[in-house]
Amino acid sequence: MAKPDQNQVIRQLPVAAGMLSGILLFANRMVTTDLTETQSRSDAVGVIISALLILVGLLWDRIQPKIPGSVELLGKEQFYLDTSLPASCRTELAWASHSLLNNTVTQAVLLYWDGKTVLRRGILPEGALDVVPGAIVSRILSNHKAVYLVDTSKYPGKIEFGYLPENIQGIICQPIGKKGVLILGANAPRSYTQLDESWIGAIAQKLTHVMDNN
């Protein structure tokens, strides 16, 4: 179940305050029988302030977009590294996966290299499912271009990612050299920022060098 946006109330406060103050000013004007020049000026200032509060609230809501709701992924914590890889390579993969899980919104990491799954880490379905390349992963292995599925609920083809939690919300598939794909899953849609994507690209370059030389 998606978690509610905890900042929604805060974003609406300026609008609510502006509307409330406008209503109170109007009510006060209606019950005032002897309107003075001073009160007229005060009411005018109050109306301006109310309008500004509403405008600020609306602009804030546009500038500060709503945080996508996250879900609790179905699966359990896992960590697998192919023991046939050299120790230095396993160390690099462990560091890279740890960095992605702790410095981005990533909740699941898999690395498919040269026909097999050499890394699984994070929240993943029970049963240690290996990567089976579908249409998207196969295309990445062919054209070596990254793919970001920002909201899997709007993409029926996510069925090919059966090795990720069934309620995964966002997926990045990043090419690793010519023989591999780094597959990352998030628990919220539209949650990877441009900074995250740049960081993932940098790690992918490092892993390309590591895997090509082992």
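Everything below is about the structure shown above.
Residues numbered from 1 in each chain as written. Predicted model: local features only at pLDDT ≥ 70, side-chain atom pairs only at ≥ 80, totals over all residues. Heavy atoms only, no water.

(A) Looking closely at the overall build of the chain. When helices and strands are counted, the chain shows five helices and six strands. Ordered by position from N to C terminus, the α and β elements of the chain give α-α-β-α-β-β-α-β-β-β-α. Whereas a compact globule of 214 residues would reach a radius of gyration of roughly 17 Å, the chain reaches 26 Å, over 25% beyond that. Dimensions along the principal axes, computed over C-alpha positions, put the chain at roughly 90 × 30 × 30 Å. Within the span of the chain, comprising 214 residues, buried residues form 40% of the whole. Counting only contacts in the chain whose residues sit at least 6 apart along the sequence, the fraction spanning at least 24 positions is 66%. By element, 60% of the accessible surface of the chain is carried by carbon and sulfur atoms, the whole surface being about 12300 Å². Positive and negative charge centroids in the chain, built from 19 and 18 side chains respectively, lie 5 Å apart. (Helix = DSSP H or I, 4+ residues; strand = E, 2+ residues; numbered from the N terminus. Rg over C-alpha atoms; globule rule 2.2 N^0.38 Å. Buried < 20%, exposed > 50% of the residue type's maximum accessible area, 1.4 Å probe, protein only. Contact = heavy atoms within 4.5 Å. Areas by Shrake-Rupley, 256 points an atom, 1.4 Å probe, with all protein chains shown as cover. Lys, Arg positive; Asp, Glu negative; His and termini not counted. Charge placed at Lys NZ, Arg CZ, Asp CG, Glu CD.)

(B) Seen up close, the sheet that holds strand S1 (residues 76-81). Pairing in this open sheet of six strands is antiparallel, and the strands run S1-S3-S2-S6-S5-S4 from one edge to the other. Each having just a single partner strand, S1 and strand S4 (147-149) make up the two edges of the open sheet. Averaged over all adjacent pairs, the angle separating strand axes in this sheet is 15 degrees, with direction ignored. Relative to strand S5 (residues 170-176), S4 runs antiparallel, the two sharing three bridges. When the bridges of S5 are listed, Val-147 appears paired with Cys-173. (Pairing = 2+ DSSP bridges. Axes fitted to C-alpha atoms, helices over the stretch in contact; angles between N-to-C directions.)

(C) Quick look at the environment of Gly-180. Within the fold, Gly-180 resides in strand S6 (residues 180-186). Judged by its relative accessible area of 2%, Gly-180 falls in the buried class. In sequence terms Gly-180 and Ala-108 are 72 residues apart; their C-alpha atoms lie 17 Å from each other. Contact partners of Gly-180, with chain neighbours within four places excluded, come to Tyr-112, Trp-113, Leu-141, Gln-174 and Pro-175.

(D) Representation of unusual backbone geometry within the structure. One non-glycine residue, Asp-114, lies in the positive phi region at around 50 degrees. With respect to the helices and strands, Asp-114 occurs in the loop between strand S2 (106-113) and strand S3 (116-124). Non-glycine residue His-144 carries a positive phi angle of around 60 degrees. Among the structural elements, His-144 can be located in the loop between helix H4 (135-143) and S4.

(E) Geometry of a nonpolar patch on the surface. Taken together, the side chains of Ile-48, Leu-52, Leu-55 and Leu-59 make up a nonpolar region of the molecular surface, amounting to roughly 370 Å² of accessible area. Here Leu-55 is to be found in helix H2 (residues 37-63). (Patch = residues over 30% accessible without salt bridge, like charges linked within 9 Å, V, L, I, M, F, W, Y side chains within 5 Å. Salt bridge = Lys/Arg side-chain N within 4 Å of Asp/Glu carboxyl O.)

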